[in-house]
Amino acid sequence: MIEINIIIAVTLLFTIIAVMFDLKKERIIPNYLSYFLIIFGLVSHTIISILESSIWPLAYSVAGAVILFLFGALLYYTGVWAGGDTKMLTGFGATLATVNAIVAWPFLFTIVFNILILGSFIGLFWSIGLAIKHR
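Rules and cut-offs
- Residues numbered from 1 in each chain as written.
- Predicted model: local features only at pLDDT ≥ 70, side-chain atom pairs only at ≥ 80, totals over all residues.
- Heavy atoms only, no water.
- 1 Å grid on protein atoms, 1.4 Å probe; cavity = no way out; pocket = protein on both sides within 12 Å on 5 of 7 lines; lining within 4 Å.
- Points joined across faces, edges and corners; volume = space filled by probe spheres on them.
- Nonpolar A, V, L, I, M, F, W, Y, C, P; charged D, E, K, R; others polar.
- Phe/Tyr/Trp six-rings, centres within 6.5 Å; stacked < 30°, edge-to-face > 60°.
- Helix = DSSP H or I, 4+ residues; strand = E, 2+ residues; numbered from the N terminus.
- Buried < 20%, exposed > 50% of the residue type's maximum accessible area, 1.4 Å probe, protein only.
- Polar contact = N/O pair within 3.5 Å; in protein donor to acceptor, adjacent residues only side chain to side chain.
- Axes fitted to C-alpha atoms, helices over the stretch in contact; angles between N-to-C directions.
- Parallel < 35°, antiparallel > 145°, perpendicular 65-115°, else oblique.
- Left-handed = near helix turned anticlockwise from the far one by under 90°.
- Contact = heavy atoms within 4.5 Å.

K.L.:
So what exactly am I meant to see when it comes to the layout of surface pockets here?
P.N.:
The gaps of empty space that remain are located by a probe, the size of a water molecule, rolled over the atoms. A volume near 1300 Å³ is recorded for the largest pocket. Forming the walls of the largest pocket are 33 residues, and the residues nearest its centre are Asp 22, Trp 81, Asp 85, Ile 115 and Ile 122. Along the lines of polarity and charge, the residues of the lining of the largest pocket split into 23 nonpolar, seven polar and three charged. In this model, the second largest pocket occupies a volume close to 330 Å³.

Here it is in structure tokens:
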């Protein structure tokens, strides 16, 4: 259980760092943050799989990374997101795939739904701000 808490803490730390870069550096997330998160998730779940003598933690990590990469790629190729967002989402899939959810669906679905809901509110308020600014 402590392994999952460490994974969540590292993911949260790298997310905060990525947000700071995103806000300060003209909306650019450095590749090394995203790649580290992906590699960290896969390696940590490999270690957990070895310790538990089970392939499932690693399989869930790979599946989470692939599924969220496909979702992020869809948003990237439709022009909604940039590449750094897609890579960060892939890192979330790799690191948070084995986190237990409080609700009936997997935790990764909660992340995707929250991104969609929060993104719609941000888009709405951004549009209102642009409409007021440009009349």
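We are not done yet, so read on.
K.L.:
I tried to follow the packing of aromatic side chains on my own but got confused; where do I start?
P.N.:
Two aromatic rings, taken as a pair, are described by how far apart their centres are and by the angle between their planes. Applying the stated rule across the entire model yields five aromatic pairs. Between Phe 36 and Phe 40, the ring centres sit 5.8 Å apart and the planes meet at 15°, which makes this aromatic pair stacked. Here Phe 36 pairs with Phe 40, and both are found in helix 2 (residues 31-52), just four residues apart, close to one helical turn. Classification of Phe 36 as partly exposed rests on a relative accessible area of 37%. Following the ring pairs from residue to residue traces out a cluster consisting of Phe 14, Phe 36 and Phe 40.

K.L.:
I would appreciate a short explanation of the side chain of His 45 in the present structure.
P.N.:
Mapped onto the elements, His 45 comes out in helix 2. Of the polar contacts made by the side chain of His 45, one reaches the backbone oxygen of Gly 41; its length is 2.8 Å.

K.L.:
What am I meant to see in the packing of helix 3 (residues 56-77) against helix 5 (residues 107-134) here?
P.N.:
Between two packed helices, the angle of one axis relative to the other and the distance separating the axes together describe the packing. In the contact formed by helix 3 and helix 5, the axes pass within 11 Å of each other and the chain directions differ by 20°. Relative to helix 5, the element helix 3 lies roughly parallel. Crossing geometry of helix 3 relative to helix 5 is assigned as right-handed. Residues Gly 64, Leu 68 and Phe 71 of helix 3 lie in contact with helix 5, whose contacting residues are Leu 108, Val 112 and Leu 116. Across the contact of helix 3 with helix 5, the residue classes break down as five nonpolar, one polar and no charged.

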